[in-house]
Amino acid sequence: AQSVTQPDIHITVSEGASLELRCNYSYGATPYLFWYVQSPGQGLQLLLKYFSGDTLVQGIKGFEAEFKRSQSSFNLRKPSVHWSDAAEYFCAVGGTGGFKTIFGAGTRLFVKA
Amino acid sequence: DTGVSQNPRHKITKRGQNVTFRCDPISEHNRLYWYRQTLGQGPEFLTYFQNEAQLEKSRLLSDRFSAERPKGSFSTLEIQRTEQGDSAMYLCASSLERDNYGYTFGSGTRLTVV
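The shown structure was predicted, so the numbers you read here are calculated from the model rather than taken from an experiment.

Calculation notes
Residues numbered from 1 in each chain as written. Chains lettered and ligands numbered in written order. Predicted model: local features only at pLDDT ≥ 70, side-chain atom pairs only at ≥ 80, totals over all residues. Heavy atoms only, no water. Contact = heavy atoms within 4.5 Å. Salt bridge = Lys/Arg side-chain N within 4 Å of Asp/Glu carboxyl O. Polar contact = N/O pair within 3.5 Å; in protein donor to acceptor, adjacent residues only side chain to side chain. Helix = DSSP H or I, 4+ residues; strand = E, 2+ residues; numbered from the N terminus. Nonpolar A, V, L, I, M, F, W, Y, C, P; charged D, E, K, R; others polar. Pairing = 2+ DSSP bridges. Axes fitted to C-alpha atoms, helices over the stretch in contact; angles between N-to-C directions. Phe/Tyr/Trp six-rings, centres within 6.5 Å; stacked < 30°, edge-to-face > 60°. Buried < 20%, exposed > 50% of the residue type's maximum accessible area, 1.4 Å probe, protein only. Core = buried A, V, L, I, M, F, W, Y, C linked by side-chain atoms within 4.5 Å.

**Some thoughts on the interface of chain A and chain B**
Listed by partner, the interface residues are 22 residues for chain A and 20 residues for chain B. Taken together, the links from chain A to chain B amount to zero salt bridges. The interface formed by chain A and chain B contains three residue pairs in polar contact (both at pLDDT 80 or more). Listed by contribution, the elements that provide at least two residues to the side of chain A that touches chain B are β5 (32-38), β6 (44-50), β10 (87-94) and β11 (101-103) of chain A. Looking at the side of chain A that touches chain B, the element that brings in the most residues is β5(A), giving four residues. Broken down by class, the residue content of the side of chain A that touches chain B amounts to nine nonpolar, 11 polar and two charged.

**A few points about the sheet that holds strand β1 (residues 5-7) of chain B**
All names here are of chain B. Pairing within the open sheet is antiparallel, and its four strands lie in the order β1-β3-β8-β7. The sheet is open, and its two edges are formed by β1 and β7 (65-68), each paired on a single side. Strand-to-strand twist in this sheet, taken as the mean axis angle between neighbours without regard to direction, amounts to 15°.

**Comments concerning the packing of aromatic side chains**
Per the stated rule, a full pass over the model turns up 18 aromatic pairs over all chains. When the centroid spacing of 5.9 Å and the interplanar angle of 85° are considered together, the rings of Phe34(A) and Phe51(A) count as edge-to-face. Of this pair, Phe34(A) sits in strand β5 while Phe51(A) is found in the loop between β6 and β7 (56-58), placing the two residues 17 residues apart along the sequence. Clustering of aromatic rings is evident, with ring pairs tying together Tyr32(A), Phe34(A), Tyr36(A), Phe51(A), Phe103(A), Tyr33(B), Tyr35(B), Phe45(B), Tyr48(B), Tyr103(B) and Phe105(B).

**Here's the deal with the environment of Ser26(A)**
Residue and element names in this part refer to chain A. Tracing the backbone shows Ser26 in strand β4 (residues 24-26). Ser26 sits in the partly exposed class, given a relative accessible area of 33%. Considered as a pair, Ser26 and Val4 are 22 residues apart in the sequence and their alpha carbons are 6.3 Å apart. Apart from the residues lying within four places of it in its own chain, the contact partners of Ser26 are Ala1, Gln2 and Ser3.

**Remarks on the side chain of Gln38(A)**
Take Gln38(A): it is sitting in strand β5. A polar side-chain atom of Gln38(A) sits 3.0 Å from a polar atom in the side chain of Gln37(B). Setting aside its immediate chain neighbours within four residues, Gln38(A) contacts Gly43(A), Leu44(A), Ala87(A), Glu88(A), Phe90(A) and Gln37(B).

**Overview of the pattern of salt bridges**
Two side chains carrying opposite charge are able to pair once their charged atoms lie near each other. Residue and element names in this part refer to chain A. Counted according to the given criterion, the structure contains eight salt bridges over all chains. The salt bridge involving Asp85 is made with Lys78; its shortest N-O contact spans 2.8 Å. You'll find Asp85 and Lys78 in the same group, each marked buried. A salt bridge links Glu88 to Arg108, with the nearest nitrogen and oxygen atoms 3.0 Å apart. You can see Glu88 sitting in strand β10 and its partner Arg108 sitting in strand β12 (residues 107-112), a full 20 residues away along the chain. Where salt bridges share partners, they join Glu64, Glu66 and Arg77 into one cluster.

**Topic: the nonpolar core**
Ranked by size, the top nonpolar core spans 27 residues in total, and within it Leu19(A), Trp35(A), Leu47(A), Leu48(A), Phe74(A), Leu76(A) and Tyr89(A) carry the most contacts. Residue assignment for this core shows that the elements contributing at least two residues are β2 (10-14), β3 (19-21), β5, β6, β8 (64-68), β9 (73-78) and β10 of chain A. With four residues, β10(A) is the single largest residue contributor to this core. Not counting residues within four places of it along the chain, the set of residues in contact with Tyr89(A) comprises Gln6(A), Leu21(A), Trp35(A), Tyr36(A), Val37(A), Leu47(A), Phe63(A), Leu76(A), Gly106(A), Thr107(A) and Leu109(A). Val19(B), Trp34(B), Ala67(B) and Val113(B) belong to the second-largest nonpolar core, a separate cluster that totals 19 residues.

Here it is as structure tokens:
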């Protein structure tokens, strides 16, 4: 069965520090992978997606993610975190049929001054 | 285009009452999705429409839930005889058929059943 695991429920980083959010997936075929961000009381915004090709994917707001098939991982990174990045981050995998997305439980990012 | 619009933003209802939520997708998007998000969890797929046809329903969608998309435009999600376990954020998203997983999410309707 398809699934997504985000091992860290919450992470705290200092403003200006680098960030890495972990994501592991389980999927039988080549996955479609995504990272979304959700600010309090808001819907989800797509940060980046991986379908095929270059395993290092650039997204919006300075985020990037690397697909590692051997580790079944798709970790999200940012070199320098801003206070406005504080939010909940969801890793997701596209299921069969091109319509159903399976989300992880999320990692809440706190940014300290 | 103002994106995906959901109404109401918040709904508080008593257990046993019926509630209905509305989603207005991006006008040219022919696919529409409903997801449910409970506290501390990621969104879970409920159902999706391609134009007016409901093509997939999750097992999470019990008989008390019904979704419609008349004329392939806006969609409604109705919950009958609400239970406390229905308390959640209900998210709507839309996309173009050719843009697999290219969702645009609305801000959601937060339902509280008391």
